[in-house]
Amino acid sequence: MLSGIMNPTVDPSIFDPTGLAAIKRGVKSNDPQALKATARQFEALFMQMVLKSMRDATPREGLFDSEQTRLYESLLDQQLSQALTAKGGTGLAAMIEKQLSRVDEAPAAPGNGLPLNPEATPHPLPPSQGVPLPLPDSRDFVSRVWPEAIEASRVTGIPAHFMVAQAALETSWGRSEPRMADGRPSHNIFGIKAGRAWTGAVAEAATTEYENGISRQRVERFRAYGSYAEAFRDYASLLLSAPRYAGVVGTQDAASFARGLQRAGYATDPMYAAKLERIIGGGTLRTALAG
């Protein structure tokens, strides 16, 4: 048996390769303690994501904001997530453990327990019964814009999934796309504002801008398009025509793309590049593309 898993007070960590291998072996042998450890690690991952989201929402500036401090914060979040889970956590681990223990049984009716496959239930779980998952929305969003991203990639030399990730960041996977006064979609998925030279349709929407590191809510005028194809063409035209984006066009590296956009002043959010890098390399985009 696995000595680490058999000890109920010490679970192998998925952040450690040896611990992750131990968990996998235990689950395959249907060890109840291994199932418990697996459930706890799932909850630890969830807690770590929550901690990261909280940090992302906090403006960063000053002497103590650096790549080194962010690395230490990441390590601290890993330890905090493990500690919070060990003390009882959110109850998510118990739900997952119950689901894992029923793997070999007949499928339960929708609503009993937390489904490991969000598409296994015909209707989404209410918030009180599970954690809302963005996968259906992200897949739909990617399927709508992917053909246009391929065409824009041919013109700009930027990988299509880089641009889809930026559109996802700008619109929360299509959920916060600016809308016209009559409710029609603006198809503006890159947050391009309507300046004085813009003569086309306009959609007004609330947005967050940062001034000296402080976030402020304001209503801005955004360009409106007749389709996503028009939006991608205008986006490609902006990058190709403005000299400040010369270092972005044609790049094949995610970090260079994201940081180049921020250096060029595409957005005022001081964490824009970091957020974009995480989406490009994240599991949500990979799963949406695979679907």
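Predicted model only: the values in this text are computed from it and were never measured.

K.L.:
Just to check I follow, could you spell out the overall build of the protein chain for this structure?
P.N.:
Assigned secondary structure in the protein chain consists of eleven helices and two strands. Along the protein chain, helices and strands appear, N-terminal first, in the series α-α-α-α-α-α-α-β-β-α-α-α-α. Looking at the protein chain as a whole, 36% of its 291 residues are labelled buried. Accessible surface, the protein chain as shown: approximately 16,500 Å² in total, 56% of it carbon and sulfur.

K.L.:
Explain the packing of helix 7 (residues 160-171) against helix 10 (residues 272-281) here, please?
P.N.:
Contact geometry of helix 7 with helix 10 gives a least axis separation of 9 Å together with a crossing angle of 120°. Compared by their axis directions, helix 7 and helix 10 come out oblique. Of the two possible hands of crossing, helix 7 and helix 10 adopt the one that is right-handed. Here helix 7 contributes His161, Phe162, Ala165, Gln166, Leu169 and Glu170 to the contact with helix 10, which in turn contributes Tyr272, Lys275, Leu276, Ile279 and Ile280. The class makeup of the residues in the contact of helix 7 with helix 10 is seven nonpolar, two polar and two charged.

K.L.:
How should the pattern of salt bridges be read in this particular structure?
P.N.:
Two side chains bearing opposite charge may form a pair once their charged atoms approach each other closely. Scanning the model with the defined rule gives twelve salt bridges in all. Of the charged contacts in the structure, one is a salt bridge between Arg184 and Asp182, with a shortest N-O distance of 2.7 Å. Asp182 sits in the exposed class, given a relative accessible area of 53%. For Glu211, the salt bridge is made with Arg216, and the minimal N-O distance between the two is 3.2 Å. The structure contains a network of salt bridges with shared partners spanning Lys193, Glu209, Glu211, Arg216, Arg218 and Glu220.

K.L.:
Before we go on, may I ask you to explain unusual backbone geometry in this structure?
P.N.:
In most cases, non-glycine residues show a negative phi, while peptide bonds are predominantly trans. Backbone geometry places Trp173, a non-glycine residue, at a positive phi of 60°. Its place among the elements puts Trp173 in the loop between helix 7 and strand 1 (202-211). Of the residues examined, Trp173 reaches a relative accessible area of 12% and is grouped as buried.

K.L.:
Just checking my understanding: could you explain the packing of aromatic side chains for this structure?
P.N.:
The geometry of an aromatic ring pair is captured by two quantities: the separation of the ring centres and the angle between the planes. This structure, assessed with the given rule, holds eight aromatic pairs. Consider the rings of Phe141 and Trp173, whose centres lie 6.3 Å apart with planes at 85°: the pair is edge-to-face. With Phe141 in helix 6 (residues 135-156) and Trp173 in the loop between helix 7 and strand 1, this residue pair connects regions lying 32 residues apart in the sequence. Residue Phe141 is classed as buried on the basis of its relative accessible area, which comes to 0%. Centre to centre, the rings of Trp198 and Tyr225 are 5.9 Å apart; their planes meet at 75°, and the pair counts as edge-to-face. Here the residue Trp198 occupies a position in the loop between helix 7 and strand 1, and Tyr225 occupies one in the loop between strand 2 (214-223) and helix 8 (228-241), the gap between them amounting to 27 residues.

K.L.:
It is not clear to me how the pairing of strand 1 should be interpreted in this structure. Could you clarify?
P.N.:
Looking along a regular strand, one sees the side chains alternate between the two faces of the sheet. Here strand 1 pairs with strand 2 via ten bridges, running antiparallel. When the bridges of strand 2 are listed, Glu211 appears paired with Ile214.

K.L.:
What am I meant to see in the packing of helix 9 (residues 254-263) against helix 10 here?
P.N.:
Each pair of packed helices can be summarised by the angle the axes make with each other and by the distance between the axes. Interhelical geometry of helix 9 versus helix 10 gives an angle of 150° and a closest axis separation of 8 Å. Classified by the angle their axes make, helix 9 and helix 10 are roughly antiparallel. Relative to helix 10, the crossing made by helix 9 is right-handed. For the pair helix 9 and helix 10, contact is made by Ala254, Ala255, Phe257, Ala258, Arg259, Leu261 and Gln262 and by Tyr272, Ala273, Leu276, Glu277 and Ile280, respectively. Considering only residue class, the contact of helix 9 with helix 10 consists of nine nonpolar, one polar and two charged.

K.L.:
Would you take a moment to explain the side chain of Thr251 for this structure?
P.N.:
With respect to the element layout, Thr251 can be found in the loop between helix 8 and helix 9. Since its relative accessible area comes to 12%, Thr251 is described here as buried. A polar contact is formed between the side chain of Thr251 and the backbone nitrogen of Asp253, at a distance of 3.4 Å. In this structure, Thr251 is in contact with Gly157, Ile158, Pro159, Phe162, Ser256 and Phe257, ignoring residues within four places of it in sequence.

K.L.:
How do you make sense of the nonpolar core when you look at a structure like this?
P.N.:
Inside soluble globular proteins, nonpolar side chains tend to come together where they are buried. Core analysis: the largest hydrophobic core is formed by 38 residues, its most contacted members being Phe190 and Phe257. Looking at this core element by element, the count peaks at seven residues for helix 7. Setting aside residues up to four positions removed in sequence, Phe190 forms contacts with Met163, Gln166, Ala167, Glu170, Ala231, Phe232, Tyr235 and Tyr266.

Reading the values: rules and limits
- Residues numbered from 1 in each chain as written.
- Predicted model: local features only at pLDDT ≥ 70, side-chain atom pairs only at ≥ 80, totals over all residues.
- Heavy atoms only, no water.
- Helix = DSSP H or I, 4+ residues; strand = E, 2+ residues; numbered from the N terminus.
- Buried < 20%, exposed > 50% of the residue type's maximum accessible area, 1.4 Å probe, protein only.
- Areas by Shrake-Rupley, 256 points an atom, 1.4 Å probe, with all protein chains shown as cover.
- Axes fitted to C-alpha atoms, helices over the stretch in contact; angles between N-to-C directions.
- Parallel < 35°, antiparallel > 145°, perpendicular 65-115°, else oblique.
- Left-handed = near helix turned anticlockwise from the far one by under 90°.
- Contact = heavy atoms within 4.5 Å.
- Nonpolar A, V, L, I, M, F, W, Y, C, P; charged D, E, K, R; others polar.
- Salt bridge = Lys/Arg side-chain N within 4 Å of Asp/Glu carboxyl O.
- Phe/Tyr/Trp six-rings, centres within 6.5 Å; stacked < 30°, edge-to-face > 60°.
- Pairing = 2+ DSSP bridges.
- Polar contact = N/O pair within 3.5 Å; in protein donor to acceptor, adjacent residues only side chain to side chain.
- Core = buried A, V, L, I, M, F, W, Y, C linked by side-chain atoms within 4.5 Å.

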